[in-house]
Amino acid sequence: CAGCPNQKLCSSGEFKNDQTPAEVQQQLSGVKKKILVLSGKGGVGKSTVTAQIARFLSDLELSVGVLDVDVCGPSLARIMGVNGQSVHKSSSGWSPVYSEGDIAVMSIDFFIGFGRRCCDMAGCKKEWNDKSSFLLFSRLG
């Protein structure tokens, strides 16, 4: 969190999400498996593990989505081979970019560019109900 412009807001408890937990739960209700890959330490391979799990599940012909919310150094787009691509906003939210194996990828990197600065992904409301597996990874905090 050090250096993040939202650090004070997060620690104050004043952060307001425009979705209720029930709305988030409803959006993810059709996803059969939700996998969280996280660690409190950087550089331990969260991105690599997430990409490998996603590719494995895709090879099993499962529909897979991954969400990179590592605000301190998003790298999943690069690992998945889709860095530099653009997401598109629609009436239902942001549409993910698709990598080889038809894996839906959403990354903060698409909004800020790798290594630039921290970012808040408010507004990323794309429904993921059509995915049989969904991986989310981040650092703790």
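1. With respect to the overall build of the protein
Within the protein, the secondary structure is distributed over five helices and seven strands. Burial statistics for the protein: of 141 residues in total, 39% are counted as buried. The contacts in the protein between residues at least 6 apart in sequence include a share of 71% that link residues at least 24 apart.

2. Here's the deal with the nonpolar core
Note that soluble globular proteins tend to have their nonpolar side chains buried in a common cluster. V66, M80, V82, I103, V105 and F110 are the most contacted members of the largest nonpolar core, which totals 17 residues. Contributions of two or more residues to this core are made by α3 (46-59), β2 (64-68), α4 (76-79) and β6 (103-107).

3. Focus: α3
Side chains three or four residues apart in an α-helix point the same way, a direct result of the helix having 3.6 residues per turn. For α3, spanning 14 residues, the distance from its first C-alpha to its last is 20 Å, which sits close to the expected 20 Å at 1.5 Å a residue. Two residues or fewer after α3 comes E61, characterised by a positive phi angle close to 65°.

4. Looking at the environment of V37
Residue placement: V37 occurs in strand β1 (residues 33-39). Taking relative accessible area as the criterion, V37 reaches 12% and is therefore assigned buried. Separated by 16 residues in the primary sequence, V37 and I53 place their C-alpha atoms 9.9 Å from one another.

5. Looking at the pairing of β2
When you tally the buried positions in β2, you get five out of five residues, the bulk of the element. With four bridges joining them, β2 and β6 adopt parallel strand pairing. In the sheet register, D68 faces β6, and the bridge partner there is S107.

6. A few points about a nonpolar patch on the surface
Judged by side-chain polarity, F56, L60 and L62 come together as a nonpolar surface patch covering roughly 290 Å² of accessible area. Within the fold, L62 resides in the loop between α3 and β2.

7. Quick look at unusual backbone geometry
Leaving glycine out, the prevailing phi sign among residues is negative, and the prevailing peptide bond configuration is trans. For E61, which is not glycine, the phi dihedral falls at a positive 65°. For E61, a relative accessible area of 74% translates into the label exposed. The backbone phi angle of D102 is positive, close to 60°, even though this residue is not glycine. Judged by relative accessible area, D102 falls into the exposed class, the value being 54%.

8. Considerations on the environment of V105
By secondary structure assignment, the location of V105 is in strand β6. The spatial distance from the C-alpha of V105 to the C-alpha of S95 is 9.1 Å, given a sequence separation of ten residues. In this structure, V105 is in contact with V66, M80, V82, P96, V97, S99 and F110, ignoring residues within four places of it in sequence.

9. Considerations on the environment of A77
Inspection of the secondary structure assignment puts A77 in helix α4. According to the relative accessible area criterion, A77 is buried, its value standing at 0%. Excluding residues that lie within four positions of it along the chain, A77 makes contacts with V82, N83, S107, D109 and F110.

About the cut-offs
- Residues numbered from 1 in each chain as written.
- Predicted model: local features only at pLDDT ≥ 70, side-chain atom pairs only at ≥ 80, totals over all residues.
- Heavy atoms only, no water.
- Helix = DSSP H or I, 4+ residues; strand = E, 2+ residues; numbered from the N terminus.
- Buried < 20%, exposed > 50% of the residue type's maximum accessible area, 1.4 Å probe, protein only.
- Contact = heavy atoms within 4.5 Å.
- Core = buried A, V, L, I, M, F, W, Y, C linked by side-chain atoms within 4.5 Å.
- Expected span 1.5 Å × (residues − 1).
- Pairing = 2+ DSSP bridges.
- Patch = residues over 30% accessible without salt bridge, like charges linked within 9 Å, V, L, I, M, F, W, Y side chains within 5 Å.
- Areas by Shrake-Rupley, 256 points an atom, 1.4 Å probe, with all protein chains shown as cover.
- Salt bridge = Lys/Arg side-chain N within 4 Å of Asp/Glu carboxyl O.

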